Amino acid sequence: MCAQRMRPDEVDLDAALVGRLIADQFPVWAGLPVRRLPSSGTENAMFRLGTDKVVRLPRHPGAVENVAHERRWLARLGPSLRVAAPVPLAEGAAGAGFPWPWSVYGWLEGRNPVAGAVEEPRRLAADLGAFVAGLRGVDVTGGPPNPRGGPLGGRDGHTRDALARLRGRIDTDTVTALWEEALRVPERTAPGVWAHGDLSPGNVLVAGGRLSAVIDFGTVGVGDPAVDLVPAWNLLPASARGTFREAVGADDDEWARGRGWALSISLIQLPYYWDTNPALAENSRHVIREILAEAAAG
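A brief report on the enclosed structure follows. Note that this is a predicted model, so its numbers are computed, not measured.

## Quick word on helix H5 (residues 172-183)
Consideration 1: The end-to-end C-alpha separation of H5 is 16 Å, in line with the 16 Å expected for 12 residues at 1.5 Å each.
Consideration 2: Of all the positions in H5, only Thr172, Val175, Thr176, Leu178, Trp179 and Ala182 are classed as buried. Projection of H5 onto a plane perpendicular to its axis shows the buried side chains occupying an angular sector of 160°, all on one side.
Consideration 3: At its buried positions, H5 is contacted by helix H4 (156-165), helix H8 (252-273) and helix H9 (278-297).

## Some thoughts on the sheet that holds strand S4 (residues 88-92)
Consideration 1: Taken in spatial order, the five strands line up as S1-S2-S3-S5-S4 in an open sheet, and their pairing is antiparallel. The open sheet has two edge strands with one neighbour each: strand S1 (34-36) and S4. Each neighbouring strand pair of the sheet contributes to a mean axis angle of 25°, computed without reference to strand direction.
Consideration 2: Relative to strand S5 (residues 102-106), strand S3 (residues 53-58) runs antiparallel, the two sharing four bridges. Along S5, the bridge assignment pairs Val55 with Val104.
Consideration 3: Running at roughly 35° to S5, helix H2 (residues 65-77) makes contact with S3, S4 and S5 of the sheet.

## Description of the pairing of strand S7 (residues 204-207)
Consideration 1: For S7 and strand S8 (residues 210-214), the ladder comprises four bridges, and the chain directions are antiparallel. Paired with Leu205 across the two strands is Ala213, which belongs to S8.
Consideration 2: Between S7 and S8, which pair antiparallel and follow one another directly, the connecting turn spans two residues, one of which, Gly208, has a positive phi of 60°.

## Focus on the side chain of Asp216
Consideration 1: You can see Asp216 is positioned in the loop between S8 and strand S9 (221-223).
Consideration 2: A distance of 3.2 Å separates the side chain of Asp216 from the backbone nitrogen of Gly218, its partner in a polar contact.
Consideration 3: Not counting chain neighbours up to four residues away, the residues in contact with Asp216 comprise Arg56, Glu70, Pro86, His196, Asp198 and Asn203.

## Notes on the pattern of salt bridges
Consideration 1: Taken as a whole, this structure holds 19 salt bridges when the rule is applied.
Consideration 2: One salt bridge connects Arg56 with Asp216, and the closest N-O pair in it is separated by 2.8 Å. In this pair, Arg56 sits in strand S3 while Asp216 sits in the loop between S8 and S9, placing the two residues 160 residues apart along the sequence. Per residue, the accessibility class of Arg56 equals that of Asp216, and both read buried.
Consideration 3: A salt bridge links Asp198 to Arg148, with the shortest nitrogen-to-oxygen separation between them at 3.7 Å. Linking Asp198 in the loop between strand S6 (193-195) and S7 with Arg148 in the loop between helix H3 (121-136) and H4, this pair joins segments that are 50 residues apart in sequence.
Consideration 4: In this structure Asp198 comes out as partly exposed when scored by relative accessible area, which is 23%.
Consideration 5: The network of salt bridges with shared partners includes Arg241, Arg259, Glu290 and Glu294.

## Describing the environment of Ala262
Consideration 1: Looking at the secondary structure, you find Ala262 in helix H8.
Consideration 2: Here Ala262 falls in the buried class, since its relative accessible area comes to 3%.
Consideration 3: Sequence separation between Ala262 and Ile291 is 29 residues, and the spatial gap between their C-alpha atoms is 8.7 Å.
Consideration 4: Filtering out sequence-adjacent residues up to four positions away, Ala262 remains in contact with Val230, Trp233, Val287 and Ile291.

## Some thoughts on the nonpolar core
Consideration 1: Membership of the largest hydrophobic core comes to 64 residues, with the highest contact counts inside it found for Phe131, Phe244 and Leu267.
Consideration 2: By residue number, the principal contributor to this core is H8, which donates seven residues.
Consideration 3: With residues near it in sequence (within four places) discarded, Leu267 still touches Thr159, Ala162, Leu163, Leu166, Ile170, Val175 and Ile288.
Consideration 4: Judged by nonpolar contacts, the second largest core, of 18 residues, contains Ile22, Phe26, Leu49 and Phe98.

## Some words on unusual backbone geometry
Consideration 1: If you check the backbone angles, Ala96 has positive phi at about 55° while not being a glycine.
Consideration 2: One can find Ala96 in the loop between S4 and S5.
Consideration 3: Judged by its relative accessible area of 31%, Ala96 is partly exposed.
Consideration 4: Despite not being glycine, Asp216 shows a phi value in the positive range, around 60°.

Thresholds applied
- Residues numbered from 1 in each chain as written.
- Predicted model: local features only at pLDDT ≥ 70, side-chain atom pairs only at ≥ 80, totals over all residues.
- Heavy atoms only, no water.
- Helix = DSSP H or I, 4+ residues; strand = E, 2+ residues; numbered from the N terminus.
- Expected span 1.5 Å × (residues − 1).
- Buried < 20%, exposed > 50% of the residue type's maximum accessible area, 1.4 Å probe, protein only.
- Arc of directions from axis to C-beta.
- Contact = heavy atoms within 4.5 Å.
- Pairing = 2+ DSSP bridges.
- Axes fitted to C-alpha atoms, helices over the stretch in contact; angles between N-to-C directions.
- Polar contact = N/O pair within 3.5 Å; in protein donor to acceptor, adjacent residues only side chain to side chain.
- Salt bridge = Lys/Arg side-chain N within 4 Å of Asp/Glu carboxyl O.
- Core = buried A, V, L, I, M, F, W, Y, C linked by side-chain atoms within 4.5 Å.

Function cannot be read off these values alone, since they describe shape.
If you want it as structure tokens, here you go:
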């Protein structure tokens, strides 16, 4: 569980605070047990409330805007998705010493899969591909821009800064060449479609080897959906990537952009969370190893 601070502007969150918020604003649920949930999430903290609810609170000011964003767009997208997604039950307000809005959702069964230990990789790959393809097919009218839906070049500065910080820790020469190769891939010219934007293992739930739910829609929006291909490297083994790609229907350029997104996200995360979020740092190292191995295999 990542309960330690990862940013200097994070607020203190614990079960006692959540209990006070619930008692003050939703007294019908007062007295229900509150337990902090293990999570590698960097934007929000989650607490189980009773047996059938979960409370989600932003950890720092930069995560606050996504609270209303997620509630708004989940209400529209949820009924069209091919897998369970969070169902908002209540909107909390600042109080009890907590400064921002927060949410109560229905509990979703399942557990986070672990890269390198996926039970049924091809089944999960097919399920994830169907989710991504289904989300892309939802009407985009009025949809917000996805913050990760633009060209990879927009991340070049931050990615190169991360590479400089990682020199001596990873094979930065080879990784830099792979990043520059990704930057040369043609940009998407077709109209934008919906993309989740953050399909990390921590935002995926599985049960019985199958995808049971997708959570955290705080970055969902419209743009180039290549970012939703990142599970091919942050979760699935090489043997299941073809199944995932076929289910999504990604062409060569989109697949290459997706690999570029996976690489950039992991490079930026790794030095930032090296000491403060071991699970996220290890997944970043996993992605880099997978992409290096794929490149070496040709």
